[in-house]
Amino acid sequence: MIVTSLENRPVLEPCTLPELNYQVDPYIGCEHYCYYCYVLPQAETDWEKEVGIHADMVERLKSEISHLPPQTIYMGWHTDPYQPCEAEYRQTRQVLELFLENGFSASILTKSDLILRDIDLLQSMENAAVSVSVAFTDEHIRGLFEARTKETAVRISALQQLKAAGIKTAALICPVIPHITDVSPLIDLLAGSADKIWIYGPSVLNRNVQNWRNIEAILDRHFPDLKEPVKAAVFSKEHAYWQTLRQDLIDIQRESKLNLSIHV
C-alpha cells in the first residue's frame, strides 16, 4: 500500500449527522476497499494501491478546533479510521490524543478490532462512542464483498470488549444486500453488545457508479441467479423485498425490545 502525504485541505469538516457538527477523516481513501462502499464514486486514488494522510495533521487540526467549544467529533464518514495502515501511521490515535487534551470526545465507526488499542483514550473521554459495521454472517460471502476487512466475529468481539470497558456502543448492519445479507442472524449476534443497531440498504446513486459496477461484477460471477432480483431491489426503495424486510424488523423490534433504527 502506497501512503502519500496530502496538503492544502481541511482536516476538520462539517458533519450532517444528528447532534454532531464536525467530522474528521484521518486518511484520504480507505484500503479496506469494500466493493459496495458509497464513497467509491468520490475516490481520488485507486484504494487497492494508495491512500493519503494529512500533512502536519495534528498542528492543523489543533488550529481548526481552537475556536470551538469542547464537543463530540465524528470519525468514520469517508474512510475507516482503523484501516490497516493505522497500525503503523497512528493518525487516528494522534487525533484522539489531541481531542482528549482539549476536552473533546469522539464518535467512531469502524470495521476493525484495532480500535481496542485505543481503549485507554476512549475511556478517558466524556461520552465517547464506538459503532461497528457488519453486513455478512457467511465468511465466504464477506470475502467476496469486503475481502480486506476483519472477520465479522472479530468485529463483534471488539464491540463486546468496548462495551465491557464502559464505552457506549452501537452497530450498523450495512449494507443490507437484498437476498444475500441475513439480517435477523446479524441482529442476534449483535444484540448483547450494541446499545443500538442501525440497519441500512446499499447507497448506490445509479447504474454507472463504481460501487454498483463492483457489486454487479460479483453478482455476475458468483450469484448469477440473483443478479436481477438484487438489481430490482437496489434501485427501488419501495420494492417488495424492502417492504417485507421493514415489517420483519418492526416485528423483531416489538418482540425483542431491541433498539433498532430501521432505514431500509
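For the structure, see preceding data.
What counts, and at which threshold
- Residues numbered from 1 in each chain as written.
- Predicted model: local features only at pLDDT ≥ 70, side-chain atom pairs only at ≥ 80, totals over all residues.
- Heavy atoms only, no water.
- Core = buried A, V, L, I, M, F, W, Y, C linked by side-chain atoms within 4.5 Å.
- Buried < 20%, exposed > 50% of the residue type's maximum accessible area, 1.4 Å probe, protein only.
- Helix = DSSP H or I, 4+ residues; strand = E, 2+ residues; numbered from the N terminus.
- Contact = heavy atoms within 4.5 Å.
- 1 Å grid on protein atoms, 1.4 Å probe; cavity = no way out; pocket = protein on both sides within 12 Å on 5 of 7 lines; lining within 4 Å.
- Points joined across faces, edges and corners; volume = space filled by probe spheres on them.
- Nonpolar A, V, L, I, M, F, W, Y, C, P; charged D, E, K, R; others polar.
- Disulfide = S-S within 2.5 Å.
- Axes fitted to C-alpha atoms, helices over the stretch in contact; angles between N-to-C directions.
- Parallel < 35°, antiparallel > 145°, perpendicular 65-115°, else oblique.

### Considering the nonpolar core
One recurring pattern in soluble globular proteins is that nonpolar side chains are buried together.
(1) Moving on: One finds V24, L61, M75, L96, F99, I108 and L122 to be the most contacted residues of the largest nonpolar core, which totals 26 residues.
(2) Moving on: Counting residues per element, the ones that place at least two in this core are helix 1 (57-65), strand 6 (72-75), helix 3 (91-101), strand 7 (105-110) and helix 4 (119-124).
(3) Moving on: The element contributing the most residues to this core is helix 3, with four residues.
(4) Moving on: Contact partners of V24, with chain neighbours within four places excluded, come to V11, L12, L61, I73, Y74, M75, G76, V95 and F99.
(5) Moving on: Membership of the second largest hydrophobic core comes to 24 residues, among which are L40, F145, I180 and L219.

### Observations concerning the layout of surface pockets
(1) Moving on: Of the pockets and cavities examined, the second largest pocket occupies roughly 260 Å³.
(2) Moving on: For the second largest pocket, the lining is made up of 15 residues, of which R9, D25, I28, E44 and H78 are closest to its centre.
(3) Moving on: Tallied by class, residues from the lining of the second largest pocket come to six nonpolar, five polar and four charged.

### Topic: the state of the cysteines
Such a bond, covalent and formed between the sulfur atoms of two cysteines, is termed a disulfide.
(1) Moving on: Considering all chains together, one arrives at zero disulfides under this definition.
(2) Moving on: The closest cysteine sulfur to the non-disulfide-bonded C15 is located on C174, 15 Å from its own sulfur.
(3) Moving on: C37 provides the cysteine sulfur closest to C174, a residue in no disulfide bond, and the two sulfurs are 9.3 Å apart.

### Overview of the packing of helix 8 (residues 210-222) against helix 9 (residues 227-234)
(1) Moving on: Running from N to C, helix 8 and helix 9 point in directions that differ by 155°, and their axes come no closer than 10 Å. Relative to helix 9, the element helix 8 lies roughly antiparallel. Residues W212, E216, L219 and D220 of helix 8 form the contact with helix 9, whose own contacting residues are K227, V230, K231 and V234.
(2) Moving on: In terms of residue class, the contact of helix 8 with helix 9 is built from four nonpolar, no polar and four charged.

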